[in-house]
Amino acid sequence: MKKIEAIIKPFKLDEVKDALSSIGINGLTVSEVQGFGRQKGHTEVYRGAEYTVDFVPKVKLEVLVDDNLVSQVVDTIMDAAQTGKIGDGKIFVFPVEDAIRIRTGERGSDAM
Amino acid sequence: MQNINTGDTAFVLISAALVLFMTPGLALFYGGMVRSKNVLGTIMHSFIIIGIINVLWMLFGYSLAFGPDKFHLIGDLSWIGLRGVGMAPNTSYAPTIPHEAFMIFQAMFAIITPALITGAFAERMKFKSFLVFIIAWFVIVYIPVAHWVWGVGGWLRNLGVLDFAGGIVVHASSGAAALAAAIFVGKRKGFGTEPMIPHNIPLTIIGTGILWFGWFGFNAGSALASGSLAANAFVNTQVAATAAIVSWTVVEWLRGGKPTTLGAATGAIAGLATITPAAGYVSPAAALLIGLAAGLVCYYAISLKFKFGYDDSLDVVGVHGVGGILGTLSVGLLASTAINSAGANGLIHGNSSLIGIQALGVFTVVVFSFIASLVIFKVVDKLFGVRVGEEDEITGLDLSQHSEIGYDLSGLGGSAGEFVTANAFSTQSSEVLSVSDETSLTPDNLP
């Protein structure tokens, strides 16, 4: 079992979600995050006071999959989230020790 | 009461309500420009002033400002507690409306003027010290200045200084106090290094709209009668505000930046502040010039704080101080007796003396307000300290000064935590609460 964490451009969220649904992924968690990498932030001006804002808004998407699906899910996210410009984001893959469905107590793949 | 004109009375009462509305409008205008942790602290500055100053105005302020003259410097106390300020008109001030109507119209000006200053020390002033400063400033600066310029017998009024609706009394005086505040209170922690981004510009725009709406009462109402002069002041108010939006936005854009919403709103306020002293003395064409100049001059004026390194947080000096001075001088240039026979002609109408009188009036008040404000701050600082502690400043005024927060958008009841009201009001019930806590929290009792 692996957790795939993808930091993507916010406007790509719908495309990524639809693409994941179409390959049978039926659950994921999304959060709005901020950060910086190679993509530069932006400038804001208020009454002549100029500020550079380093943090760029991104969406973090977390999805839990069985080991055999990892490369398919990673490819799907990459295809859907790619624009080819700096700031497309990153994908991280983590091993997951266990998963439990709180309602029933099912564990592992059954809980997904 | 045969002299009372019902149209004039209705107009002035409605105008008074409009001017009152400006102060909550100012609260939103300022509130949107601070960081979210200070939104209530900033709003509260304006709001509490409505309460305090109005009470003081009734008790003695009106009498000292407008009551029978002493030494051309101040009114006496014969109208204390509004004694004798009745339903019959006061013929010296407003011959066709009840004296009470004039008094309450003036009360609204006394309220908004100190509220304007609060933008200069936003986000860092101790609440108690703020209250003491504001009360002292109202008594020591506002009341005398109102008497000098508007009170019968006041020395600047006797000199022929013209201030239709408060360019000197309201804007220049509060702007000078704001400069003293910014210098004395000092910079916000992190000013010039950390971003201090307005947290809610739409709130500022709502505030701008309310201020603008109320300003029709401020300027047109200052005619104190419903007629042609009021109409002229009304039109001038609109013309100057719109011209200043245009000129501010153009200069901001041309200087390599982008046209900003906050800039457009600030331009409107600069135009309104600048036309205030002139609204009932100049033609609409002159008001157009004044408005265009206001947008340009005030735009450059707000950048001075970065040059000189003082933290006039919400630009009271650049907008109200500079706007008030510019407007007052523009009266000396552009005033016309064809507009207002009770006024005077300015330079372009062949009278070269008015501009000097205007300059003397406005600079005397600026210097007086600046020095008096510094002295008041010094005393308040000795007594209580003017600034909140560093930790409280970082936490924000909302929590540190008022124990509340402006926004809880978490959906989790983020600020709620535990309900401790019972403890807060009675030691008896706090015992009861702790006992019941123990019994209800045993695992067996849990539902």
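Note that the structure is predicted; figures quoted are calculated from it, not measured.

1. Some details on the overall build of chain A
Here is step 1: Secondary structure summary: chain A contains 2 helices and 6 strands in total.
Here is step 2: The secondary structure elements of chain A, listed N-terminal to C-terminal, are β-α-β-β-β-β-α-β.
Here is step 3: Rg of the C-alpha trace for chain A: 17 Å, well past the compact-globule value of 13 Å for 112 residues, more than 25% over.
Here is step 4: Among the 112 residues that make up chain A, the fraction classed as buried is 32%.
Here is step 5: Relative to all contacts within chain A whose residues are 6 or more apart in sequence, the contacts with residues 24 or more apart total 72%.
Here is step 6: Here chain A has roughly 7200 Å² of accessible surface; of this, 50% comes from carbon and sulfur atoms.
Here is step 7: Charged side chains of chain A number 15 positive and 18 negative; the gap between the two group centres comes to 5 Å.

2. So, the pattern of salt bridges
Here is step 1: For the coordinates displayed, the defined rule picks out 14 salt bridges over all chains.
Here is step 2: The closest approach of N and O atoms between A:Asp88 and A:Lys9, which form a salt bridge, is 3.5 Å. Here A:Lys9 lies in the loop between strand 1 (2–8) and helix 1 (13–22) and A:Asp88 lies in the loop between helix 2 (70–81) and strand 6 (89–95), a separation of 79 residues in the sequence. Summarising the burial analysis for this pair, A:Asp88 and A:Lys9 share the class buried.
Here is step 3: Taking the shortest distance from any N to any O, the salt bridge between B:Arg188 and B:Glu123 comes out at 2.4 Å.

3. Focus: the interface of chain A and chain B
Here is step 1: Listed as interface residues are 7 residues of chain A and, on the opposing side, 15 residues of chain B.
Here is step 2: Summed over both sides, the interface between chain A and chain B buries roughly 910 Å², with carbon and sulfur atoms accounting for 65% of that surface.
Here is step 3: It is A:Tyr46, A:Arg47 and A:Tyr51 in chain A that bury the most area against chain B; as a group they hold 79% of the surface buried on that side.
Here is step 4: Inspection of the region where chain A meets chain B yields 1 salt bridge.
Here is step 5: Taking the shortest distance from any N to any O, the salt bridge between A:Arg47 and B:Asp315 comes out at 3.1 Å.
Here is step 6: Counting residues per element, the ones that place at least two in the side of chain A that touches chain B are strand 3 (42–46) and strand 4 (49–53) of chain A.
Here is step 7: Tallied by class, the residues present in the side of chain A that touches chain B amount to 5 nonpolar, no polar and 2 charged.

4. Remarks on the environment of B:Ala136
Here is step 1: Inspection of the secondary structure puts B:Ala136 in helix 4 (residues 127–150).
Here is step 2: Not counting chain neighbours up to four residues away, the residues in contact with B:Ala136 comprise B:Val141 and B:Ile376.

5. A word on the side chain of B:Asn38
All names here are of chain B.
Here is step 1: Looking at the secondary structure, you find Asn 38 in the loop between helix 1 (6–33) and helix 2 (39–66).
Here is step 2: What makes Asn 38 buried here is its relative accessible area of 0%.
Here is step 3: Only 2.8 Å separates the side chain of Asn 38 from the side chain of Glu 123, close enough to count as a polar contact.
Here is step 4: What Asn 38 contacts, discounting residues up to four positions off in sequence, is Glu 123, Gly 396, Leu 397 and Asp 398.

6. A few points about the pairing of strand 5 (residues 56–65) of chain A
All names here are of chain A.
Here is step 1: Most of strand 5 sits out of view: 7 of its 10 residues are buried.
Here is step 2: When strand 1 meets strand 5, the two strands line up antiparallel, connected through 7 bridges. Across the sheet, Ile 8 pairs through a bridge with Val 59, a residue of strand 5.
Here is step 3: Relative to strand 5, strand 2 (residues 29–35) is paired through 7 bridges, and the arrangement is antiparallel. When the sheet's bridge partners are listed, Glu 32 is paired in strand 5 with Val 59.

7. Things to note about the domain arrangement of chain B
All names here are of chain B.
Here is step 1: One can read the domain layout of chain B as domain 1 (6–391) and domain 2 (392–432).
Here is step 2: When each unit is reduced to the centre of its C-alpha atoms, the spacing between domain 1 and domain 2 is 36 Å.
Here is step 3: Every contact between the two is made by 22 residues of domain 1 and, on the other side, 13 residues of domain 2.
Here is step 4: Taking both partners together, domain 1 and domain 2 bury about 1500 Å²; carbon and sulfur atoms supply 54% of that area.
Here is step 5: The three residues of domain 1 that bury the most area against domain 2 are Lys 37, Leu 40 and Glu 391, which together make up 36% of that side's buried surface.
Here is step 6: Where domain 1 meets domain 2, there are 1 salt bridge.
Here is step 7: Note that Arg 387 and Glu 393 form a salt bridge whose closest N and O atoms lie 2.9 Å from each other.
Here is step 8: Sorting the residues of the side of domain 1 that touches domain 2 by element identifies helix 2 and helix 14 (390–395) as the ones contributing at least two each.
Here is step 9: For the side of domain 1 that touches domain 2, the leading source of residues is helix 2, giving 4 residues.
Here is step 10: Its residues assigned to classes, the side of domain 1 that touches domain 2 comprises 7 nonpolar, 6 polar and 9 charged.

Criteria and thresholds
Residues numbered from 1 in each chain as written. Chains lettered and ligands numbered in written order. Predicted model: local features only at pLDDT ≥ 70, side-chain atom pairs only at ≥ 80, totals over all residues. Heavy atoms only, no water. Helix = DSSP H or I, 4+ residues; strand = E, 2+ residues; numbered from the N terminus. Rg over C-alpha atoms; globule rule 2.2 N^0.38 Å. Buried < 20%, exposed > 50% of the residue type's maximum accessible area, 1.4 Å probe, protein only. Contact = heavy atoms within 4.5 Å. Areas by Shrake-Rupley, 256 points an atom, 1.4 Å probe, with all protein chains shown as cover. Lys, Arg positive; Asp, Glu negative; His and termini not counted. Charge placed at Lys NZ, Arg CZ, Asp CG, Glu CD. Salt bridge = Lys/Arg side-chain N within 4 Å of Asp/Glu carboxyl O. Buried area = accessible area lost by both parts, 1.4 Å probe. Nonpolar A, V, L, I, M, F, W, Y, C, P; charged D, E, K, R; others polar. Polar contact = N/O pair within 3.5 Å; in protein donor to acceptor, adjacent residues only side chain to side chain. Pairing = 2+ DSSP bridges. Domains from an automatic or database assignment.

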